[in-house]
Amino acid sequence: MDSSAISTELAEGLKNLSPRDKQELNTFITQETQKSQIQATIHSLTDLCFKKCITSKISGGQLDRNEQPCVQNCVDRYMDANMVVIRHLEQMRTHI
Amino acid sequence: MADAKTQIMDQIRQQSALSNARSLIEKVNEHCFERCVPKPGSSLSSAETTCYTHCMEKYMAAWNTVSRTYLAQAQKGAGAAAGGSPFGS
């Protein structure tokens with residue numbers, strides 16, 4: 001993608017950053033990476049839960065009173081299930 | 001011209017917002033096309049267009065609900081699941 005390319009001028013400027021600026025940039029990038037990972041998870045969860053919860057005919061722009069709690073439960077149970085997997089793996093690891 | 005650090009930060013923010021929007025558009029289209037245009041005709045009917053608008057709003061409402069619920073859960077479990085790797089370090 002073109003817009004993600006770094007100009008030579010900018011690359012030159014990056015080389016000359018002060019240690020403090022470098023540190024700040026590092027922290028910023030770590031945070032942004034984390035943020036976009038969280039966003040990616042939210043996208044895939046929305047994908048999953050929309051499929052499961054919005055099953056009737058779409059007749060309005062808002063989540064109705066069944067859909068809203070269904071989406072919440074969908075996320076909560078997904079996290080529970082995730083924990084089950086992690087715990088089980090953890091258990092398997094200690095029993096080897 | 002802004003310094004290199006600020007420029008990079010702005011570029012990252014822009015790219016990140018762009019890819020977030022792109023994912024949303026992709027998902028909305030995927031779901032709403034499936035739901036609202038079961039049999040594509042020679043043009044989008046007004047009913048299909050209305051369905052699309054509703055579907056889009058619904059999808060974004062779902063996104064917001066998921067986001068809120070997920071973040072609340074993640075914060076609650078942050079102590080227990082810190083790091084996120086099931087295999088430890």
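Rules used in this analysis
Residues numbered from 1 in each chain as written. Chains lettered and ligands numbered in written order. Predicted model: local features only at pLDDT ≥ 70, side-chain atom pairs only at ≥ 80, totals over all residues. Heavy atoms only, no water. Disulfide = S-S within 2.5 Å. Helix = DSSP H or I, 4+ residues; strand = E, 2+ residues; numbered from the N terminus. Buried < 20%, exposed > 50% of the residue type's maximum accessible area, 1.4 Å probe, protein only. Contact = heavy atoms within 4.5 Å. Buried area = accessible area lost by both parts, 1.4 Å probe. Salt bridge = Lys/Arg side-chain N within 4 Å of Asp/Glu carboxyl O. Polar contact = N/O pair within 3.5 Å; in protein donor to acceptor, adjacent residues only side chain to side chain. Nonpolar A, V, L, I, M, F, W, Y, C, P; charged D, E, K, R; others polar. UniProt positions renumbered as here; feature names shortened; annotations may be inferred.

Visitor: Report on the state of the cysteines, specifying residues and quantitative values.
Guide: Residue and element names in this part refer to chain A. Inspection of the entire model under this criterion finds 4 disulfides over all chains. In this model, Cys 49 is linked to Cys 74 through a disulfide, with the two sulfur atoms separated by 1.9 Å. Handedness here is read from the sign of the S-S torsion; for Cys 49 and Cys 74, about -80°, the answer is left-handed. Placement of Cys 49 in helix H2 (residues 19-53) and of Cys 74 in helix H3 (residues 67-94) is noted, with a sequence separation of 25 residues between them. Across this residue pair, the class does not change: Cys 49 and Cys 74 are buried. Through a disulfide, Cys 53 is tied to Cys 70; the S-S separation comes to 2.0 Å. Because the sign of the S-S torsion sets the handedness, a value of about -75° for the bond joining Cys 53 and Cys 70 places this disulfide among the left-handed ones.

Visitor: How would you summarise the interface of chain A and chain B if you had to cite specific residues and measurements?
Guide: Facing the 48 residues of chain A at the interface are 40 residues of chain B. In total, about 4100 Å² of surface goes out of reach between chain A and chain B, with carbon and sulfur atoms giving 67% of it. It is His43(A), Phe50(A) and Ile58(A) in chain A that bury the most area against chain B; as a group they hold 17% of the surface buried on that side. Across the salt bridge formed by Lys58(B) and Glu67(A), the nearest N and O atoms sit 2.5 Å from each other. Along the contact surface separating chain A from chain B lie 13 residue pairs in polar contact (both at pLDDT 80 or more). Secondary-structure elements contributing two or more residues to the side of chain A that touches chain B are helix H1 (8-15), H2 and H3 of chain A. Sorting elements by how many residues they give to the side of chain A that touches chain B places H2(A) first, with 16 residues. Residue composition of the side of chain A that touches chain B, by class: 21 nonpolar, 15 polar and 12 charged.

Visitor: Explain the UniProt feature "domain: Tim10-like" (unreviewed entry) in chain B residue by residue, including any values.
Guide: Following the UniProt record, the feature "domain: Tim10-like" (unreviewed entry) maps to residues 11-70 of chain B here. Helix makes up 85% of residues 11-70 of chain B and strand 0%, with an end-to-end C-alpha separation of 27 Å.

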